[in-house]
Amino acid sequence: QVQVVESGGGLVQPGGSLRLSCTASGSILGIYAMGWYRQVTGKQRELVATITSGGSSNYADSVKGRFTISRDNAKNTVYLQMSSLSPEDTALYYCNADVQDYIFRRNGYWGRGTQVTVSS
């Protein structure tokens, strides 16, 4: 059993910053990529940023230069530092962890999401 829990969402003014955290726990032997995705009601979930266990990162064009993804492998935790936020960044942000468990099964696990609202 693997659990993924996000935190750090909230209401922020345009131009502000916010830091999201996501921790995976449970029967984890190792975690490959971890990532952040976001979804607006009525639209498809979209990739925001991903990071491998070795630290290689990938970003959506819409967040490049404004968001930074990082991870602490010892804590099975990934972070998303968001700056210069705009109302277009308002969404439910989900974390995904690509996990290998103790019997060597590999699956992607999703958290329940944390809401980010950018508004004045």
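Parameters at a glance
Numbering of residues starts from 1 in each chain and follows the order in which that chain's sequence is written. Local features in a predicted model are, by the rule used here, given only for residues with pLDDT of at least 70; side-chain atom pairs are given and counted only at 80 or more, and totals for whole chains, interfaces and linings are based on all residues. Side-chain calculation: all heavy atoms of the structure are included, whereas hydrogens and water are not. Criterion for a disulfide: a pair of cysteine sulfur atoms within 2.5 Å. Each helix is a run of DSSP H or I of at least 4 residues and each strand a run of E of at least 2, with the numbering of both proceeding from the N terminus. For two strands to be treated as a pair, DSSP must find at least two bridges joining them. Only C-alpha atoms enter the line fits that serve as axes; for helices the fit covers just the stretch in contact. Angles between N-to-C directions range over 0 to 180 degrees.

J.: Residue-level account of the state of the cysteines, with values.
T.: Tallied over the entire structure, the rule returns one disulfide. Across the disulfide from Cys 22 sits Cys 95; the S-S distance is 2.0 Å. Between Cys 22 and Cys 95 the disulfide shows an S-S torsion of about -80°. By sign, it is left-handed. A residue pair is termed long-range when its members are at least 10 positions apart, and Cys 22 in strand β3 (residues 18–26) and Cys 95 in strand β9 (residues 91–100) qualify at 73 residues.

J.: Could you give an account of the sheet that holds strand β7 (residues 67–72), with specific residues and numbers?
T.: The strand order β1-β3-β8-β7 describes an open sheet built from four strands, whose pairing is antiparallel. Bordering the open sheet on either side are β1 (2–7) and β7, each of which pairs with just one other strand. Neighbouring strand axes in the sheet, compared pairwise and without regard to direction, differ in orientation by 15° on average. Note: β7 against strand β8 (residues 77–82), six bridges, orientation antiparallel.

So yeah, pure geometry; function would need other evidence.
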